[in-house]
Number of protein chains: 2
Amino acid sequence: MAKARKPPPRTRRTAEDARTAILDAAEQRLVDAGPSGIRLQDVAADVGISHPTVLHHFGSRDRLVDAVVKRRVHLMNQEVLLALVGAGADERSAVALFERLYAMFSTGGHARVAAFIALEGRVPGADPNSLLPLAEVTHKARLTHREDQPSFDDTYFTVLLAAFALFGEAIVGPIFRGDPEGAPDEATSKRFREWTARLVLDHFKRGGTPTE
Amino acid sequence: MAKARKPPPRTRRTAEDARTAILDAAEQRLVDAGPSGIRLQDVAADVGISHPTVLHHFGSRDRLVDAVVKRRVHLMNQEVLLALVGAGADERSAVALFERLYAMFSTGGHARVAAFIALEGRVPGADPNSLLPLAEVTHKARLTHREDQPSFDDTYFTVLLAAFALFGEAIVGPIFRGDPEGAPDEATSKRFREWTARLVLDHFKRGGTPTE
DNA sequence: ACTACTGCTGACAAGGTTGTCAACAGCGTG
DNA sequence: CACGCTGTTGACAACCTTGTCAGCAGTAGT
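Residues numbered from 1 in each chain as written. Chains lettered and ligands numbered in written order. Predicted model: local features only at pLDDT ≥ 70, side-chain atom pairs only at ≥ 80, totals over all residues.

(A) Quick look at the overall build of chain A. On a plain count of helices and strands, chain A comes out with nine helices and zero strands. Helices and strands in chain A line up, N terminus first, as α-α-α-α-α-α-α-α-α. A compact globule built from 212 residues would reach a C-alpha radius of gyration of about 17 Å, whereas chain A, at 22 Å, exceeds it by more than 25%. Out of the 212 residues in chain A, the part that is buried amounts to 35%. When contacts within chain A are restricted to residue pairs at least 6 apart in sequence, long-range pairs at least 24 apart make up 65% of them. (Helix = DSSP H or I, 4+ residues; strand = E, 2+ residues; numbered from the N terminus. Rg over C-alpha atoms; globule rule 2.2 N^0.38 Å. Buried ≥ 20, exposed ≤ 12 C-beta atoms within 10 Å, placed from the backbone. Contact = placed C-beta atoms within 7 Å.)

(B) Spatial organisation of the protein's contact with DNA strand C. Taken together, 22 residues surround DNA strand C, and among them Ala18, Ile49 and Pro52 of chain A together with Leu40 and Arg61 of chain B come closest. Mapped by element, the contributors of at least two residues to the surface near DNA strand C are α1 (15-33) and α3 (51-58) of chain A together with α2 (40-47), α3 (51-58) and α4 (61-85) of chain B. (Near = placed C-beta within 6 Å.)

(C) Structural context of the relation of the copies chain A and chain B. Superposing chain A onto chain B takes a rotation of 179° combined with a translation of 0.0 Å along the rotation axis, leaving an RMSD of 0.2 Å. Taken together, the rotation and translation describe the operation of a two-fold axis. Of all interface residues in chain A, 100% are interface residues in chain B too; the two copies therefore contact each other through one and the same surface. (Least-squares fit on C-alpha atoms with pLDDT ≥ 70 in both.)

(D) Region of interest: α4 of chain B. Residue and element names in this part refer to chain B. Here α4 spans 37 Å end to end across 25 residues, near enough to the 36 Å set by a 1.5 Å rise per residue. All buried positions along α4 are accounted for by Leu64, Val68, Val69, Arg72 and Val80. If you follow the buried residues of α4, they end up packed against α1 (15-33), α3, α5 (91-105), α6 (110-120) and α7 (132-144). (Expected span 1.5 Å × (residues − 1).)

(E) Main features of the environment of Asp179 of chain B. Residue and element names in this part refer to chain B. Position of Asp179 relative to the elements: it lies in the loop between α8 (152-177) and α9 (186-205). A count of 17 C-beta atoms within 10 Å places Asp179 in the partly exposed class. Not counting residues up to four positions away in its chain, the partners in contact with Asp179 are Pro174, Pro184 and Asp185.

(F) A look at the interface of chain A and chain B. Counting from both sides, the interface comprises 40 residues of chain A and, opposite them, 41 residues of chain B. Residue assignment for the side of chain A that touches chain B shows that the elements contributing at least two residues are α6 (110-120), α8 (152-177) and α9 (186-205) of chain A. Considering each element in turn, the side of chain A that touches chain B owes the most residues, 14 residues, to α8 of chain A. A breakdown of the residues in the side of chain A that touches chain B according to their chemical character gives 25 nonpolar, nine polar and six charged. (Nonpolar A, V, L, I, M, F, W, Y, C, P; charged D, E, K, R; others polar.)

(G) Quick look at the protein's contact with DNA strand D. Taken together, 22 residues sit near DNA strand D, with Leu40 and Arg61 of chain A together with Ala18, Ile49 and Pro52 of chain B positioned nearest. Contributing elements (two or more residues each) for the surface near DNA strand D: α2 (40-47), α3 and α4 (61-85) of chain A together with α1 and α3 of chain B. Of the residues belonging to the surface near DNA strand D, the class tally is eight nonpolar, six polar and eight charged.

(H) Geometry of the nonpolar core. Grouped together as the largest cluster of nonpolar side chains are 107 residues, with contacts concentrated most on Ala115 and Phe167 of chain A together with Ala115 and Phe167 of chain B. With residues near it in sequence (within four places) discarded, Phe167 of chain A still touches Phe105, Ala111 and Ala114 of chain A together with Gly168 and Val172 of chain B. (Core = buried A, V, L, I, M, F, W, Y, C linked by C-beta atoms within 7 Å.)

(I) Quick look at the packing of α8 of chain B against α9 of chain B. Residue and element names in this part refer to chain B. For the pair α8 and α9, the least separation of the axes is 11 Å and the interaxial angle reads 165°. Looking at the two axes, α8 sits roughly antiparallel to α9. Note on packing geometry: the crossing formed by α8 with α9 is right-handed. In this structure, α8 uses Thr158, Ala162, Ala165, Glu169, Gly173 and Arg177 to contact α9, whose residues at the interface are Thr188, Ser189, Phe192, Arg193, Thr196, Val200, His203 and Phe204. For the contact of α8 with α9, the per-class residue count stands at five nonpolar, six polar and three charged. (Axes fitted to C-alpha atoms, helices over the stretch in contact; angles between N-to-C directions. Parallel < 35°, antiparallel > 145°, perpendicular 65-115°, else oblique. Left-handed = near helix turned anticlockwise from the far one by under 90°.)

(J) Fine view of the environment of Val69 of chain A. All names here are of chain A. Its location among the elements puts Val69 in helix α4. Given 23 C-beta atoms within 10 Å, Val69 falls into the buried group. Sequence separation between Val69 and Arg122 is 53 residues, and the spatial gap between their C-alpha atoms is 8.0 Å. Setting aside chain neighbours within four positions, we find Val69 in contact with Ile117, Arg122 and Pro124.

In structure tokens:
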């Protein structure tokens, strides 16, 4: 009567596929719940494998988290750079660019991951993940649109400020604003993003702020 | 020979004092290592008591964390407001104000705590912890210095932007900037803060950015 | 088909965390 | 000085998490 429980069918992936699947699941949990959300059992369950398999592929939980972070940072840099190079210099383009970047930071989870990296001190080793290259690209574009020569610092700081605005709005916007928890004030958020886009564009077009 | 180990002297505090001491220790751990750093055993050890005592006073770990967060948010609001009302409208004052606020966010740990609150979704219930009151104070001050009437939105968003700049710089500044981990680039950070202070002040004095 | 390789697994170990409980011990009161 | 209130504690329970290990089971190469 009691049918001998047959062991569940064991699917076998390539090491590459398995690693990717595990990374995907772990990353999802990282975005949703933070690094403490990456529990081997849970990640394994998400993928449909047993937790020792995760250990088998990554050696330890710590190295798994490192791998997730590394992949994410790489993706983030790529996406941001891609969005930047394809942007125009008029107001409509600037606003659209900010919306795209904000979506990546907010919905895409980049902001949360960045915050986790910072808070846990889990900085991916020697990755050129700075805004400097982005600022250089931006500065070059800015110079072509103007006769006078604003300082690079001014461009760099503006890019930094814009990044902090998007990052901050994505992470603590509702909190700083005091939005009700269930219904973050998306309308105000959007107005803020647009206002910021215009401010930045305006600053780029107008003279630089006194840097000294 | 083996002296009977005498039980360590048991000091007895008022419930109030005990709660405060526990909150202090837990808060320190929250700032240093995040919410997951609040472990009952550790907190108890810091205070010099046993961990069931912590449970006795707070009921559960979760409620302890809530209490810590609540107290912190209250403190943060108070401190920021206090710094704001005592600030002048000239450039020197603006820069000084930004430095004070940055110190609170960075060294003081406000930024980290705010980030943890956001990431863990541990929003203190219905606390008027928004920037709105601050923006209102600022707007009122701004109006006295100008003839035309900039929109409140413009002031509000500027305050938000400034807050995000300080928050972002404190949390992810070194990461976004790509500073070497051991030696965050304090010089650049300071220049950025000063640049931001001037930008904000300049924006307040000059016309508002097109809000539509 | 046999075999080597390796992805994969159940069972178990070790350690750590929150929470419960009965009992102990200061301290103010009658 | 006895008594009650309550801050405090050691011991224990229940649970969870990471990590190890010997062995099972797909898959490719011969």
